Structures are given as C-alpha cells and as structure tokens.
Amino acid sequence: MHAPRTPQPPVTVRVFTQRLTATPRGARLARHLARSQLDLWGIPHGTDVSEAVAAIVAELAANAVTHARVPGRDFELRLSLVTGSVRVEVSDTYADGRPPAPADVRPPRLLDEYGRGLVLVQAFADRWEVVDRDPSPGKTVRAEVDVPKWL
C-alpha cells in the first residue's frame, strides 16, 4: 500500500552569484546586474529596496576593486532573496587587510579622499558585517536590506 502523493510547490531558487573582473568596469556591471536581478525577483527599479541594494553593491564592488584588488583574481557578487530581506555579499581574495567592523566605521573628515563607502553601506543597509571568505583567502562583506512587504 502506498500513501497518496502530496503535490509539492515548485522550488524557486532565489540566489544569484557572479564573478566579475576586479576593474571599474566589473564594479559598474555588478550594480547593473543587481538591479536587473532584483527586477526579476519582483523588486522593480526605482523602489527604495532596489536603490538601496544598488548603492550597497556599488560601494562594496568599488571597495573590492580599489582597496582589495589582487592582480589576476576576480571578486564575487552574491545576492540572496531571503525571507524578509535581500542579502548582498561581495567577496574578494585580498588577505592583508579588512575593512572596519560596523561599530568602528567613522564619518570621514571633510578633505579625506576615501572613507565614505562604508558610511553609505551603513546608511542603506539594515544590517551588515565582515566575515572571512570561505574558502580563504580574503573576506566577504555581507549586507541586508529589509523588504517591507515581507515584514
């Protein structure tokens, strides 16, 4: 005797991963890909969530290209649509330095050339952190933006 089969809803994968060249062009492409992917997931261009994610991706990708570039190695963009939020992860292979933790980010002084990127990430993200890249070497900066209709 067999138990009746219960129909299962189709599995929808809500993860996007792309390796990009560690160049300014790769950083620009990361932002465009993020916006397009969010649109495919039903988060249209121009919404607060889409704009926040695009700004976060732009800053983290620019940091990966400017401060963590290793010649011949790419950086990775990963977007996940998790319950209640969009998770952005940008990973690089630079092992010699880490950005400050969220609690240690300070606004730059007026004439500083660098230091605004993580201030912007902190402003747009609901949560963010820096973790070791797996597999090593390097690090991943992970940020989440809440999607209000899911909360």
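All values derive from a computational prediction rather than experimental measurement. (Residues numbered from 1 in each chain as written. Predicted model: local features only at pLDDT ≥ 70, side-chain atom pairs only at ≥ 80, totals over all residues. Heavy atoms only, no water.)

## Re the pattern of salt bridges
Here the idea is simple: oppositely charged side chains can pair when their charged atoms come close. According to the stated counting rule, one finds nine salt bridges in the structure shown. In this structure, Arg142 and Glu129 form a salt bridge, with 2.7 Å as the shortest nitrogen-oxygen distance. Of this pair, Arg142 sits in strand 5 (residues 139–146) while Glu129 sits in strand 4 (residues 127–132), and the two are 13 residues apart along the sequence. In this structure Glu129 comes out as partly exposed when scored by relative accessible area, which is 34%. Shared partners join several salt bridges into a network, and the residues in it are Arg78, Glu89, Glu129 and Arg142. (Salt bridge = Lys/Arg side-chain N within 4 Å of Asp/Glu carboxyl O. Helix = DSSP H or I, 4+ residues; strand = E, 2+ residues; numbered from the N terminus. Buried < 20%, exposed > 50% of the residue type's maximum accessible area, 1.4 Å probe, protein only.)

## Section: the sheet that holds strand 5
Spatially, five strands are ordered 1-2-3-5-4 in an open sheet, and the strand pairing comes out antiparallel. Strands with a single pairing partner mark the edges of an open sheet, and in this sheet they are strand 1 (15–20) and strand 4. Neighbour to neighbour, the strand axes of the sheet diverge by 15 degrees on average, direction disregarded. Sheet contacts for helix 1 (residues 24–40): strand 1, strand 2 (75–82) and strand 3 (85–92); angle to strand 1, the most-contacted strand, approximately 165 degrees. Packed onto the sheet, helix 2 (residues 48–66) meets strand 2, strand 3 and strand 5 and runs at close to 10 degrees relative to strand 3. (Pairing = 2+ DSSP bridges. Axes fitted to C-alpha atoms, helices over the stretch in contact; angles between N-to-C directions. Contact = heavy atoms within 4.5 Å.)

## A look at the pairing of strand 4
Examined bridge by bridge, strand 4 and strand 5 share six bridges and lie antiparallel to one another. Along strand 5, the bridge assignment pairs Asp132 with Lys139. Between strand 4 and strand 5, which pair antiparallel and follow one another directly, the connecting turn spans six residues, one of which, Gly138, has a positive phi of 115 degrees.

## As for the nonpolar core
The biggest cluster of nonpolar side chains holds 35 residues, and the ones touching the most others in it are Val53, Phe75, Leu77, Leu79, Val88 and Trp128. Top contributing element to this core by residue count: helix 2, with nine residues. (Core = buried A, V, L, I, M, F, W, Y, C linked by side-chain atoms within 4.5 Å.)

Nothing here speaks to function; it is all geometry.
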